[in-house]
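Architecture and fold: a report
So you can see what is in the structure, the chains are spelled out below.
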Amino acid sequence: MKDRVHVAGLGVISAIGNSVPSTFDALQTSTSGIGPLTLFESVHQGVLPVGEVKMSNAVLAEKLSLPAHLTRTAMLGIHAARGAVASSGIDLKKWRSGLISATTVGGMDKTEFFFEEFLKDQRKGRLLDVVNHGCGKSTELIAHDLGINKYISTINTACSSSTNAIALAARMIKAGQLDVVVAGGTDALTKFTLNGFNSLMILDTQPCRPFDAHRNGLNLGEGAGFIVLVSDKVKKAEGLNSTSYVSGYANTSDAFHQTASSPEGRGSFSAMQKALTMSDLNPDDIDYINLHGTGTSNNDLSEGTAIARLFGNRYPKLSSTKAFTGHTLGASGGIEAVFSLLAIEQQCVFPNLRFENSIPEIGITPQLSFETGLAVNHVMSNSFGFGGNCSSIIFSKE
Amino acid sequence: MTVYINGMGAVSPQQIWIKEMLLSDPSNYTGNRLSCIEPDYTQFIDPKYLRRMSRILKMGVASSAMALHEAGVRIPDGIITGTGYGCLEDTEIFLHKMIELREQALNPTPFIQSTHNTIGSQIALLLMCQGYNQTHTQEGFSFESALLDAMMALNGNPNQVLLTGGVDEITDASHQIQERFGIFRRTSLLSLDLFNSSSKGTLHGEGAFYFALSGKKGKETSASIDSVTTFYNPSREELITGIHEFVQSTSLSLEELDLVLIGKCGDANLDRVTDDISKQSFGSAPIGLFKHLSGEYPTASAFALWLGARIIQTQQIPSAVLNESIRPLRNVLIYNPYFRHYHSLILLRAC
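Quick caveat: nothing in here was measured; it's all calculated off a predicted structure.

1. Some remarks on the overall build of chain A
Looking only at helices and strands, chain A features twelve helices and 14 strands. Oriented by its inertia axes, the alpha-carbon framework of chain A measures out at about 60 × 50 × 40 Å. Out of the 398 residues belonging to chain A, those deemed buried represent 65%. Long-range pairs, those at least 24 residues apart, make up 79% of the contacts in chain A between residues at least 6 apart in sequence.

2. Concerning the overall build of chain B
In terms of helices and strands, chain B carries eleven helices and ten strands. The globule rule puts the C-alpha radius of gyration for 351 residues at 20 Å, and the 19 Å found for chain B is close to it. Taking all 351 residues of chain B together, 57% fall into the buried category. When contacts within chain B are restricted to residue pairs at least 6 apart in sequence, those whose partners lie at least 24 apart make up 79%.

3. Side note on helix α6 (residues 161-174) of chain A
All names here are of chain A. Its 14 residues place the ends of α6 20 Å apart at the C-alpha level, agreeing with the 20 Å of an ideal helix rising 1.5 Å per residue. Counting buried residues in α6 gives 13 out of 14 residues, a clear majority hidden from the surface. Just past α6, the residue Gly176 takes up positive phi, approximately 75°.

4. A short note on the domain arrangement of chain B
All names here are of chain B. When the domains of chain B are assigned, the result is domain 1 (3-214) and domain 2 (223-349). Between the C-alpha centres of domain 1 and domain 2 there is a distance of 21 Å. If you look at the interface, domain 1 gives 47 residues, while domain 2 gives 37 residues. For the side of domain 1 that touches domain 2, the elements supplying multiple residues, two or more each, are β1 (3-11), α6 (142-156), β4 (161-168) and β5 (207-214).

5. Describing the domain arrangement of chain A
Residues and elements named next belong to chain A. Here chain A is partitioned into domain 1 (5-238) and domain 2 (247-397). For domain 1 versus domain 2, the distance between C-alpha centres works out to 20 Å. Counting from both sides, the interface comprises 59 residues of domain 1 and, opposite them, 56 residues of domain 2. Going through the elements one at a time, β1 (5-14), α1 (20-28), β2 (50-51), α6, β5 (180-187), β6 (220-221) and β7 (223-230) are the ones with two or more residues in the side of domain 1 that touches domain 2. The residue inventory of the side of domain 1 that touches domain 2, partitioned by class, reads 28 nonpolar, 25 polar and six charged.

6. Some remarks on the interface of chain B and chain A
Counting residues at the interface gives 45 residues for chain B, matched by 46 residues for chain A. Broken down by secondary-structure element, the contributors of at least two residues to the side of chain B that touches chain A are α3 (88-100), α4 (108-112), α5 (118-127), β3 (132-136), α6 and α7 (172-180) of chain B. Considered class by class, the residues forming the side of chain B that touches chain A number 19 nonpolar, 21 polar and five charged.

7. Considerations on the packing of helix α8 (residues 236-249) of chain B against helix α9 (residues 268-281) of chain B
All names here are of chain B. Running from N to C, α8 and α9 point in directions that differ by 40°, and their axes come no closer than 10 Å. One finds that α8 runs oblique with respect to α9. Once α8 is placed against α9, the crossing between them reads as right-handed. Contacts from Leu239, Ile240, Ile243 and His244 in α8 reach Ile277, Gln280 and Ser281 in α9. Taken together, the residues of the contact of α8 with α9 sort by class into four nonpolar, three polar and no charged.

8. Focus: the environment of Ile364(A)
Residues and elements named next belong to chain A. Turning to its location among the elements, Ile364 is positioned in the loop between β11 (348-349) and β12 (371-372). Overall, the presence of 21 C-beta atoms within 10 Å leaves Ile364 in the buried class. Residues Ile364 and Asn313 lie 51 residues apart in sequence; the distance between their C-alpha atoms is 8.5 Å. Excluding anything up to four places from it in sequence, Ile364 contacts Phe211, Gly304, Ile307, Ala308, Tyr315, Ser358 and Ile359.

9. Some details on the pairing of strand β4 (residues 151-155) of chain A
When you tally the buried positions in β4(A), you get five out of five residues, the bulk of the element. Residue alternation in β4(A) divides its side chains into two sets, Tyr151(A), Ser153(A) and Ile155(A) and Ile152(A) and Thr154(A), and both sets are buried.

10. Considering unusual backbone geometry
For the peptide bond that leads from Arg327(B) to Pro328(B), omega is -15°, which places it in the cis range. Turning to its location among the elements, Pro328(B) is positioned in the loop between α11 (300-314) and β9 (331-338). Positive phi, normally seen in glycine, also occurs at Asp280(A), with a value near 60°. With respect to the element layout, Asp280(A) can be found in the loop between α9 (266-279) and β9 (288-290). Residues other than glycine seldom take positive phi values, yet Gln347(A) does so here, at roughly 50°. Accessibility expressed as a C-beta count within 10 Å gives 17 for Gln347(A), which makes it partly exposed.

11. Comments concerning the nonpolar core
Counting residues in each nonpolar core, the largest one holds 220 residues, and the members touching the most others are Ala169(A), Val182(A), Ile227(A) and Leu229(A). Residue contacts for Val182(A): discarding those within four places in its chain leaves Ala81(A), Ala84(A), Val85(A), Leu99(A), Leu146(A), Ile148(A), Phe226(A) and Val228(A). Counting residues in each nonpolar core, the second largest holds five residues, with Tyr29(B), Leu34(B), Leu194(B) and Leu203(B) among its members.

12. Remarks on the environment of Leu239(B)
Residue and element names in this part refer to chain B. Examined against the element boundaries, Leu239 turns out to sit in helix α8. For the pair Leu239 and Ser281, spaced 42 residues apart in sequence, the C-alpha to C-alpha distance is 9.3 Å. Dropping the residues within four chain positions of it, Leu239 is found in contact with Phe231, Pro234, Ile277 and His343.

13. Notes on α9(B)
Residue and element names in this part refer to chain B. Along its 14 residues, α9 runs 20 Å from first to last C-alpha, staying within 8% of the 20 Å computed at 1.5 Å per residue. Packing partners of the buried residues in α9 comprise α8. Phi turns positive, to about 50°, at Gly283, one or two residues after α9.

14. A few points about the pairing of strand β7 (residues 259-262) of chain B
Residue and element names in this part refer to chain B. The alternating pattern of β7 places Leu259 and Leu261 and Val260 and Ile262 on opposite faces, both of which are buried. Across four bridges, β7 lies against β9 in parallel orientation. Across the sheet, residue Leu259 finds its bridge partner in β9, namely Val332. What joins β7 to strand β8 (residues 287-289) is α9, and the crossover it makes is right-handed.

15. What to know about the packing of helix α2 (residues 57-64) of chain A against helix α3 (residues 72-88) of chain A
Residue and element names in this part refer to chain A. Running from N to C, α2 and α3 cross one another at 40°; their axes reach a closest spacing of 10 Å. Taken together, α2 and α3 sit at an angle that is classed as oblique. As for how α2 packs across α3, the hand of that crossing is left-handed. In contact with Asn57, Leu60, Ala61 and Leu64 of α2, α3 contributes Arg72, Met75, Ile78 and His79.

Procedures and definitions
- Residues numbered from 1 in each chain as written.
- Chains lettered and ligands numbered in written order.
- Predicted model: local features only at pLDDT ≥ 70, side-chain atom pairs only at ≥ 80, totals over all residues.
- Helix = DSSP H or I, 4+ residues; strand = E, 2+ residues; numbered from the N terminus.
- Buried ≥ 20, exposed ≤ 12 C-beta atoms within 10 Å, placed from the backbone.
- Contact = placed C-beta atoms within 7 Å.
- Rg over C-alpha atoms; globule rule 2.2 N^0.38 Å.
- Expected span 1.5 Å × (residues − 1).
- Domains from an automatic or database assignment.
- Nonpolar A, V, L, I, M, F, W, Y, C, P; charged D, E, K, R; others polar.
- Axes fitted to C-alpha atoms, helices over the stretch in contact; angles between N-to-C directions.
- Parallel < 35°, antiparallel > 145°, perpendicular 65-115°, else oblique.
- Left-handed = near helix turned anticlockwise from the far one by under 90°.
- Core = buried A, V, L, I, M, F, W, Y, C linked by C-beta atoms within 7 Å.
- Pairing = 2+ DSSP bridges.
- Right-handed = clockwise from strand over helix to strand, strands pointing away.

Next comes the structure, spelled out in structure tokens:
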């Protein structure tokens, strides 16, 4: 048997929970985390709903015993990464341990305040607010918190970032370069991204309805999701009771348009297909797909078309959990990896909230309720980003 | 795992498009900011696309086109980009407008082009390249991470050609902000004199470099990359041991290193540390410097890789790098420290 890359721990924080158990509880009870914007002042307050983590920066800093000037992106990341490492029970110092994180906004949550002062006077603005601006800085801060210095890296391929981070981690373990990797991503909600997506006119003023015929855009969210990946050797030596392993992944480029997906979903089709090939699985073997499913007209049609092409009428149970969390951008692949792994661990699938009518062109009906007692052996998670970055990853039951 | 550099493209503060004139007349800058000398982009990019591209996109796309042209490759199998700061210009434009227009009626184009992966995606879009597309951003390891990714992929399938690059830009705002941190020279000097005057601060640089890498040699192969490694936040002892182990793993003796390109940055305090590490690690190997030519920035090691490969290819060391004649030039080691936490090694060999 080929060497496997095993999943040894999970950590997550998002609009639906600050821990894995509270997150699972929300998924089980169909409790969405979408609500009004409270984190910062904006003209969009009261208009655009968002998926906020229900803790202010001050509360996060206190809870984590961190300095209050840290960026929200770093604090969310530290919160989830600590959770993942704790649940694995692994002493990172014993192994060649790395951190591969992902983020798209980095320290923008602080930089955007700095800029208001800076634009008035270039000598103004608190430097402490830009010192952690770079995407890589959030990874440095998480690595420092976990005590990792063997290898650190950050991926930014927009909304597919953390799926790519997890895939890179699996590759490095397979190549024998690292034994343990904490992999995933983190992104805070910012005025920058809220206005960016608003300028593209793809934000829904109501809670989003992924894969629905009348979907009207996405809700932005925030959070972090990390998993701990280990080699066979570590699993044996630590006597770990892992329930899942990474069986395949692929990263492709749609190469169609900077923001829009090709109508036939050529990038997403080929990402899913290549991930299946690497897993040595047939489409029929997939028990659940955690969709990218942002709720925009373009993404859901394109992703749905690719799924219909690949799976035909016998498509597996599938849902977008972004109706719970909002679109957490660079963190979404990490958060949804945790959801996918929970589906395997708990042998269940999660509902696609607020779905009413199938998209007529593709006729796909997603999972409508939480369902347990199923055989969930192989789960596919999709993440697609601006620039045509399409990634798919498959987790399988040990 | 050995990979071959089958083509290179570069846009940097030096005029370096003509292979035969390797830094024969290096540009000398006054002040602490070294900006790229930009080519006539219409040679590389359709004017209808040029109009909407920010400077970093133009530099990235142009350097990728040069690399593919040199390698004689039309569409690579994948595109791997390292960038420390990403697309700063578009990020700042959108931030500026968002504040100025109070979040109303914003043009989405700068937002769309603000994410780090815009460079790699633009290249993919123009080439219709549907393969692997990855963007690494880790401060002083951004380019090294891209290289390690490419080498790992080529190890699995050596027949691929992976366009691998390091791209970063300076903007007025990024320069002003970083200047306030006190990391650049405050005293006036000519950039080529950087290492002649001991003082605090370095010079700010930028550049765009792409390399067509493959596990198989091409017609224009300049050199091979034999090994790459990174050390994050190491202690002095860890770094010295790490470098020693790296050199040992290459099965070269120190005497066989024909040149070590060292990323000293001109800051007296940082260079004191670099000199100490170099003295402990590289014995009497000839040492060349490059950051007075490139400036300091997260992906400056891509400049060094380009320089090292051209040195091997042309068998000449520009006098601005090292005023010494060495032949043959077979093994060039790059040691690049980036401020305090980031240290990397890249071994280049003639092939």
